[in-house]
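These are the residues of each chain, in order.
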Amino acid sequence: MKAPWRYYCVLVVGTSLLLGCSPFQPAMMPDAAGDVPETYSVFGVEPDDLSPWWDSVGSPELSRLIGEALSGSFTLKEAWARLRQAQAVAVQAGADLYPELGATGAAEYSRRRSESSGGRSEGDENYAFGLASSYEIDLWGRVRSQRESALLDVDASRADLHTAMVTVAGEVADRWVRILSQRLQKQLLEKQLANNLTILELIELRFRKAMVSALDVYQQRQAVENVRAKIPLVEAETQLLMHELAVLLGRPPRADLGLTQSEMPAIGPFPAIGLPADLLASRPDVRAAGMRLIAAQWQVAAARANRLPALRLTADAQYGRSDLDLLFDTWLLSLAANLTAPVLDGGRRAAEVDRTRAQVDENLWAYRRTVLTAVKEVEDAMTSEARQREHIQGLQAVNAAARKGLEEAIGRYRNGLSDYLPVITQLLSFQDLERNLISQQERLILYRVGLYRALGGGWATEAGYPE
């Protein structure tokens, strides 16, 4: 029994030396991100902090909603389940780094009638117990490469979870802002309806005194009904947004969300945006794409190693009824080393190498696209917000001019210097401007939410998720 042990030890030591250097290490790709701009159009070098961006909004209601979504969102629960799947796959991929041991057992009892014993029946018992072990010596790093690839897939899945957190937080803020906007729209419509009804009463009074024509009454009634017809649409849109927000929080559509805020949140100047290169670390989707690129390179290493010979050690121990007293003395009965090398496989292994290399190229272009898309989204959000601020300033100037024009038209109408047409025209225009101003303020805040989403930030990594 000593020779096999010597053979086994020499073989293990020799192959262990080979394991110290894997011949198929993935190549470094320092320029994987491609050409990334050095700065944004709105220059900023301050690094993005790790605090949640909604803290800067200063709305306890929004903070409560996002916190509830991060703990109850079905989207995040799905992402978490995918992460656990990736973790299990990584365990499976690394299992071949350790020996495999299996146990077998069998028992048999038979009874037969013996003529030599006067026709009496005799029993016979047979049982056996065995152990079988196998281990593949990872000569070329194939198993290690598969494990490294699987571990990187775990990291990519964790980054996907963080991406989902960023998305869910942004979607909650988006629905919340839209709900506030619709509520403000309804308040404005109700105010406009009350004003139009008051004007209608005055015109009807003047009509009864034969001071104006019936056309003035019909024109003002049209303005009243025009405003009244918009209220149901605003109420329906508000309810639909409430349903969407409830589902984002993981609650039934008609659940009471306890929304009480009645004013739009105030946003300050641009947050700390850092540099475009910071997105490589702050954007979880960019990190996930980079990790999948490296994982694909490890798959190439595994495919190349799979074309070389593989060495597997096997050991078997078998015990029968007569061997139990020697169980601890003769536990190893056989030891073998099997060397297998591919000779002809129809090009299957070579094709697998080509496939994995093509997958690396695919992931490389996907990574570069993700990086440039991230930079584009930041630029788009900043440009849109800056131009939206200018647009709102212009609308406010137009709104002020329209208000003066309405006052002038009403004054001329009261003095009998003009008919009612200039009044109704100016009234409808002014009320449309008021409603449009609320919509544009909503869009401005949504651009800021989009900027926060585009920046990613480290808050998702710091927030974590139950491990």
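Right above here is the structure, for reference.
Rules behind the numbers
Residues numbered from 1 in each chain as written. Predicted model: local features only at pLDDT ≥ 70, side-chain atom pairs only at ≥ 80, totals over all residues. Heavy atoms only, no water. Patch = residues over 30% accessible without salt bridge, like charges linked within 9 Å, V, L, I, M, F, W, Y side chains within 5 Å. Areas by Shrake-Rupley, 256 points an atom, 1.4 Å probe, with all protein chains shown as cover. Salt bridge = Lys/Arg side-chain N within 4 Å of Asp/Glu carboxyl O. Buried < 20%, exposed > 50% of the residue type's maximum accessible area, 1.4 Å probe, protein only. Phe/Tyr/Trp six-rings, centres within 6.5 Å; stacked < 30°, edge-to-face > 60°. Helix = DSSP H or I, 4+ residues; strand = E, 2+ residues; numbered from the N terminus. Core = buried A, V, L, I, M, F, W, Y, C linked by side-chain atoms within 4.5 Å. Contact = heavy atoms within 4.5 Å.

## A word on a nonpolar patch on the surface
A cluster of nonpolar side chains, Leu101, Phe129 and Leu131, forms an exposed patch at the surface whose accessible area comes to about 280 Å². Overall, phenylalanine 129 belongs to the partly exposed group, its relative accessible area being 39%.

## Details of the packing of aromatic side chains
Under the counting rule described, the total for this entry stands at 4 aromatic pairs. Ring centres 4.8 Å apart and planes at 80 degrees place the aromatic pair tryptophan 54 and tryptophan 459 in the edge-to-face group. Of this pair, tryptophan 54 sits in the loop between helix 1 (2-19) and helix 2 (60-72) while tryptophan 459 is found in helix 10 (residues 459-463), placing the two residues 405 residues apart along the sequence. With relative accessibility at 4%, the residue tryptophan 459 sits in the buried group.

## Examining the nonpolar core
With 47 residues, the main nonpolar core has Trp53, Trp54, Ile66, Val172, Leu245, Leu259 and Trp459 as its most contacted residues. Put simply, the parts of the chain that give this core at least two residues each are helix 2, helix 3 (74-94), helix 4 (142-208), helix 5 (214-248), helix 9 (421-455) and helix 10. The element that contributes the greatest number of residues to this core is helix 4, accounting for 16 residues.

## What about the side chain of glutamate 385?
Along the chain, glutamate 385 turns up in helix 8 (residues 348-414). Non-local contacts of glutamate 385, meaning those with residues more than four positions away in its chain, are made with Ile267, Gly268, Phe270, Leu444, Tyr447, Arg448 and Leu451.

## Let's talk about the side chain of glutamine 185
Looking at the secondary structure, you find glutamine 185 in helix 4. With a relative accessible area of 7%, glutamine 185 lands in the buried category. Residues within four places of glutamine 185 in sequence aside, it is in contact with Val234, Arg435, Ile438 and Ser439.

## Structural notes on the pattern of salt bridges
Tallied over the full model, the rule gives 21 salt bridges. Taking the shortest distance from any N to any O, the salt bridge between arginine 221 and glutamate 204 comes out at 3.2 Å. Of the two residues, arginine 221 sits in helix 5 while glutamate 204 sits in helix 4, which places them 17 residues apart along the sequence. The class for arginine 221 is partly exposed, based on a relative accessible area of 39%. Of the charged contacts in the structure, one is a salt bridge between aspartate 285 and arginine 283, with a shortest N-O distance of 2.8 Å.

By themselves, these figures tell us nothing about what the structure is for.
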